[in-house]
Amino acid sequence: MSQKPDCKFCQLESNADTNPRWVAAFDHSFAIVDSRQTFRGRTTLIVRNHYEDMLAVPEPEFAAINHELRVLATAIQTAFAAQRMNYANYGNVVPHQHWHVVPRYEGDLRWGGPPIEPDAVEKLADHEYEEIAEKIRSAL
Ligand SMILES: [Zn+2]
């Protein structure tokens, strides 16, 4: 695996056992429940290798990651009965390839628009993150 010592996403997998937001590892990526749960079930799919831009990911690995993204999104949609799924890949805050996978519900905070979080988002208790992660895992 190719990792960068000072990258916080490169460190996440080694703490999987104690992370209440840990969902699952795939061959090329892993999933963690987002701390922001305005859109219940929001999860981040993080590439295991450190790439700062999508265009740096070799084509076969990118295809495999896309498959894992679809597997994760299907599980989230099933687990939370989402009406729509949103996906985003920015890399502005943490320049390590990852996708925001955001389930959307008719009538949610920004239904019909992008899933922009409010400025202040209340964090959940660890056991609530564990419940969300387990619900997703059980649908994988
Ligand atoms: Zn990294």
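Here's what I pulled together on the structure shown here. (Residues numbered from 1 in each chain as written. Predicted model: local features only at pLDDT ≥ 70, side-chain atom pairs only at ≥ 80, totals over all residues.)

**Focus: helix H3 (residues 126-139)**
Stage number 1. Given a rise of 1.5 Å per residue, 14 residues ought to cover 20 Å, and the 20 Å separating the end C-alpha atoms of H3 matches this to within 8%.
Stage number 2. The set of residues buried in H3 consists of Tyr129, Ile132, Ala133 and Ile136. End-on, the buried residues of H3 take up no more than an arc of 95 degrees, which puts them together on one face. In H3, the exposed positions that point more than 90 degrees away from the buried face belong to His127 and Ser138.
Stage number 3. Residues of H3 that are buried in the fold lie against strand E1 (22-25), strand E2 (29-33), strand E3 (43-47) and helix H2 (59-80). (Helix = DSSP H or I, 4+ residues; strand = E, 2+ residues; numbered from the N terminus. Expected span 1.5 Å × (residues − 1). Buried ≥ 20, exposed ≤ 12 C-beta atoms within 10 Å, placed from the backbone. Arc of directions from axis to C-beta. Contact = placed C-beta atoms within 7 Å.)

**Describing the pairing of E2**
Stage number 1. Counting buried positions along E2 yields five of five residues, so the element is predominantly enclosed.
Stage number 2. Of the two faces of E2, the one carrying Ser29, Ala31 and Val33 and the one carrying Phe30 and Ile32 are both buried.
Stage number 3. The pairing of E1 with E2 spans three bridges and is classified as antiparallel. The residue of E2 that forms the bridge with Ala24 is Ala31. (Pairing = 2+ DSSP bridges.)

**A short note on the environment of Ala120**
Stage number 1. Structurally, the position occupied by Ala120 is in the loop between strand E5 (98-104) and H3.
Stage number 2. For the pair Ala120 and Ser138, spaced 18 residues apart in sequence, the C-alpha separation works out to 30 Å.

**Notes on the nonpolar core**
Stage number 1. Counting 26 residues, the largest nonpolar core has Val23, Ile32, Leu72, Ile76, Val101 and Ala133 as its most contacted members.
Stage number 2. Breaking this core down by element, the ones donating at least two residues are E1, E2, E3, H2, E5 and H3.
Stage number 3. In terms of residue count, the dominant contributor to this core is H2 (six residues).
Stage number 4. Every residue in contact with Leu72, bar those within four places of it in the chain, is listed here: Ala31, Thr43, Leu45 and Val101. (Core = buried A, V, L, I, M, F, W, Y, C linked by C-beta atoms within 7 Å.)

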